[in-house]
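Coordinates in review
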Amino acid sequence: MARWIASNRSQNSFSFLPLSKFLCYLTFPSPLEAHLNDGDVKPNEHCLFESQQVMMLHLFVVKGCLGPTKKISKMLAHSTAPSQLYLSIPLSIRSSIADLFIASFVEIKSSLPAAEVFSLMLKDRIIPSLSSCKSLLEALVCSQKYTETLQLVSEIVACGRIQVDTFVYNKAIQSAVKLGDPDRALGFKSEMEWYGRKPDLFTYNVLISGLGKKGRTEEMKVLFHEMVMQGIVPNQVTYNSIIDGLCKVGKVDEAFMFKSKMQADGKVPNLVTFNTLLRGLCAPQHINRMKDLLVEMESQGLVADGYTYSLLFDGYFKCGYVDAAIALYEETIRNGVQLGDYTCGILLNGLCKGGRVLDAKHILKNLEAKGLIPNTVTYNIIIDGYILIGDMKGAISTVKLMEASNIKPDFITYNSLINGYCKMQKMDEAEELVKEMEEKGLSLSTHTYNPLIDGYLRNHQFEHCSHILKEMAVKGIQPNLVSYGSIMNGLCKNGRLAEAGTLLKDMENSGVTPNVRVYNMLIDGKCKMGELTDAVKLLEELIDKGIDPNLVTYNTLIYGFCKEGRVSEAADYIFTIKKQGLKPDSITYNSLIAGYCYVGNTTKAYELYREMDLLDIKPTNVTYTTLISAASKEGTALEVENLHREMVEKDIVLDISVYNALIRFHATFGDPRKANDLCQEMTVKGLVPNEMTLTSLLVAVCREGKLCDAYHLFTEMKAKGFSRSSGGYATLLDCCCKLKDYDRACDLCMEMIDEGHFPQIATCNELLIGLKNVGMLDKAECLSSKIKEKGEEWSKRFGFILC
């Protein structure tokens, strides 16, 4: 032993510390650390001390002194870098103490250093024990080092000298699932089976859970049946994972079937089971089942927890049952249930989002009386509620209450207030709050500035938006896609396409990559301006940049080409859409149908309408309005009736545009009484007749020769604030002339001229002749003078009459 010590002393060039002095260090948790903190050990002494510890460690290993061995290894693990520590051990003795270092690192919860030592051991062809492998893998997974776990498993398998068992593969599978890669996890399962290792309950539970989280429920069920066939009995965790996966993709009925199977297999559903099912039932059509499930849960002696109530509150709010949520809250109070901060947050947020801020404040007051201490999040929820209903005074008063409770408003509070002022177009107040944030040292972000951009855009103040972008750059805040996208949208909608193009370049120069939505805005702007060549160039540009066009892109181009009458070019995009793996929708077909109707090819329009049925694309009100309007121009009553019948058969709820098209058709070409019946029908359904409806009814009444009713309707239009169009005047004037009521017709014609509408020459001619024939020469002269007063243009139009 003495010769060995002397030999190593010579090799490592250090003086050996006497054993009696060294042992005294073992009474302290970390002697080296203590000496370093006191400044007693210099760097060179530090190295000397470590070397002495390593030598003594080997001495204790040889002597079989396990206690001191563990103590020294833990000291070294605390104070020394893994690679440095490992390499400081002489190669001849590394195999005897390397496992001990791994155990020490794992014990002090330093899993990554342990993994580093493990890798170094494998490089030196030192084979760690299987127990070291397992403890290290467990430690890595517990510390959520999933990537490192997979790397270590790969090294273990690659070395080929460690017996890799089911436990090792399970840790790899677990890590892959945690990293959101169930395919890799399934690969590990196949590999372990190839090497003759059988998956166990843990394997299947982890895989089922991972597939369920990704919505891959069919594969999840295949694994379930496979484990049963292998004789592995599913447990509560298995069933809960399957139920969770099914609920996530909306397969609630199937989830309940597995709950029944769970019970049939003798597994008792627990609170997790019921909470998962409750979460799956959060939809209006399932609200009664939620109640029944809650009753069943309570009947089995399970007590609802905070998460249960948060699910119930959330479910009620999603279904729009705000009063039911309040009733549930009152029930919890009666039952003495203590709601936690999270559940209270769900309740208050749901009430505020539903516009019931006063109810939220009342409940918050009650909760405070029961011990809830409001925090910044709580107050921010109430502030957001006030802002949602446009009550900035209420929001500000809540901020004052917050400050009175010694709770400082944070950047979220200020951002909410800024957003509220911007929505109300109070930009000066919003700007003042930004300055106040800076003065208080609160961090400004895109969430602060983006509402300002939106606020200025509503007033078309694009220069202010440009100023904000510059201000953000000065303050080191990078505008994001939302910042640029909002300005781009505003510029394109206002036809300022040159500025939009410049903004696109600025955006790219700033390092913000435009997405397909930004390009869609530009393409839409170009299409609306009729600049189709530029729109197509933008499509080519986004493809060149590796951005995939979406259906909106192609629909926008189709609409643009159809609007310009270039329908055949628009139709070509249908093939492009399908080639890109996209599916045309009702918007695609509506644009093409409107385009063909516009160029007078109604036959092709009807072909496309029938094609929609074949492709299982449901026609919309826009589809029918377009086709009915086209049929109305051609006066084809049978086709209009067929379209109306098909809408009813397909349970399509008619909107006002369809009713107007039908009323217009019957008023002009069909049965005038049917037009009136349709108007009454739409009123019963809660649709309010608009100017187009009443104008069409006027045509129907005039066709029936009901002049008094027509005048009453015309007066009603003015009383309702509708502008009476030249068409309405012309219809009524023509009716008066046909009924030879020239006196009223003359008054109407002069009113029409005063309103700036040109009477039809033929009608005016008929009226003047009629006035002269019935001896109303003064009226005729008065009308002639009215026309002359309007100037040369009007006189030229009616010159031959006035002569």
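This write-up is about the structure you can find in this document. (Residues numbered from 1 in each chain as written. Predicted model: local features only at pLDDT ≥ 70, side-chain atom pairs only at ≥ 80, totals over all residues. Heavy atoms only, no water.)

1. Some words on the packing of helix 13 (residues 201–213) against helix 14 (residues 217–229)
Worth spelling out the cut-off: Axes here refer to lines fitted to C-alpha atoms; in helices the fit is confined to the stretch in contact. Angles between the N-to-C directions go from 0 to 180 degrees. Segments assigned H or I by DSSP are reported as helices when at least four residues long, segments assigned E as strands when at least two residues long, and all are numbered from the N terminus. Should an angle fall under 35 degrees it is called roughly parallel, over 145 degrees roughly antiparallel, and 65 to 115 degrees roughly perpendicular, with every other angle called oblique. Helix crossings are classified by the rotation of the near helix relative to the far one: an anticlockwise turn of less than a right angle makes the crossing left-handed, while a clockwise turn makes it right-handed. Pairs of residues are marked as contacts when any of their non-hydrogen atoms sit within 4.5 Å. Note that Gly is not counted as nonpolar here; it falls among the polar residues with everything else outside the nonpolar set of Ala, Val, Leu, Ile, Met, Phe, Trp, Tyr, Cys and Pro and the charged set of Asp, Glu, Lys and Arg.
For the pair helix 13 and helix 14, interaxial distance at closest approach is 9 Å and the crossing angle is 165°. Overall, the two elements helix 13 and helix 14 adopt an arrangement that is roughly antiparallel. In the crossing of helix 13 with helix 14, the sense of the turn from one axis to the other is left-handed. Of the residues in helix 14, those touching helix 13 at Leu201, Tyr204, Leu207, Ile208, Leu211 and Gly212 are Glu219, Met220, Leu223, Phe224, Glu226 and Met227. The residue inventory of the contact of helix 13 with helix 14, partitioned by class, reads nine nonpolar, one polar and two charged.

2. Some thoughts on the packing of aromatic side chains
Our working rule: Two rings belonging to Phe, Tyr or Trp (six-membered ring only in the last case) form a pair when the distance between their centres is within 6.5 Å. Interplanar angles under 30 degrees mark stacking, angles over 60 mark edge-to-face geometry, and anything in between is tilted. Using a 1.4 Å probe on the protein chains alone, a residue whose accessible area is under 20% of its type maximum counts as buried, one over 50% counts as exposed, and one in between counts as partly exposed. Our definition puts a charge over a ring when NZ of Lys or CZ of Arg is within 6 Å of the ring centre and also within 35 degrees of the ring normal.
Scanning the entire structure with this criterion turns up six aromatic pairs. Ring geometry for Tyr554 against Tyr573: centres 6.1 Å apart, planes inclined by 45°, an arrangement best described as tilted. With Tyr554 in helix 33 (residues 551–563) and Tyr573 in helix 34 (residues 567–579), this pair connects stretches of sequence that are 19 residues apart. No difference in accessibility class separates Tyr554 from Tyr573, as the two residues are buried. Taken together, Phe224, Tyr239 and Phe258 form an aromatic cluster joined through their ring pairs. The side chain of Arg289 reaches across the aromatic face of Phe256, ending 4.6 Å from its centre.

3. Section: the environment of Asp754
Structurally, Asp754 can be placed in helix 44 (residues 742–754). Overall, the relative accessible area of 47% leaves Asp754 in the partly exposed class. In the structure, Asp754 is positioned 33 residues away from Ile787 in sequence and 9.8 Å away in space, judged by C-alpha atoms.

4. Here we look at the pattern of salt bridges
Here is the rule we go by: When a carboxyl oxygen of Asp or Glu is within 4 Å of a side-chain nitrogen of Lys or Arg, the pair counts as a salt bridge.
Under the criterion given, the structure shown has 41 salt bridges. Among the ionic pairs, Lys318 bridges to Asp314, the shortest N-O distance being 3.3 Å. Linking Lys318 with Asp314, this pair stays in helix 19 (residues 306–318), spanning four residues, or about one helical turn. Residue Lys318 is classed as exposed on the basis of its relative accessible area, which comes to 55%. With a relative accessible area of 26%, Asp314 lands in the partly exposed category.

5. A look at helix 12 (residues 182–194)
Along an α-helix, residues three or four positions apart point the same way, because every turn accommodates 3.6 residues. Stated precisely, the cut-off is as follows: To estimate how far a helix should extend, the number of its residues minus one is multiplied by 1.5 Å. By construction, the arc corresponds to the directions joining the helix axis to the C-beta atoms.
Helix length check: helix 12 (13 residues) gives 18 Å between terminal C-alpha atoms against 18 Å at 1.5 Å per residue, within 8%. Listing the buried residues of helix 12 in full gives Pro182, Ala185, Phe188, Lys189 and Met192. Buried residues of helix 12, viewed axially, fall in a sector of 110°; they line one side. Looking at the buried residues of helix 12, the elements they touch are helix 10 (146–159), helix 11 (166–178), helix 13 and helix 14.

All quantities given are derived from atomic positions and should not be read as evidence of function.
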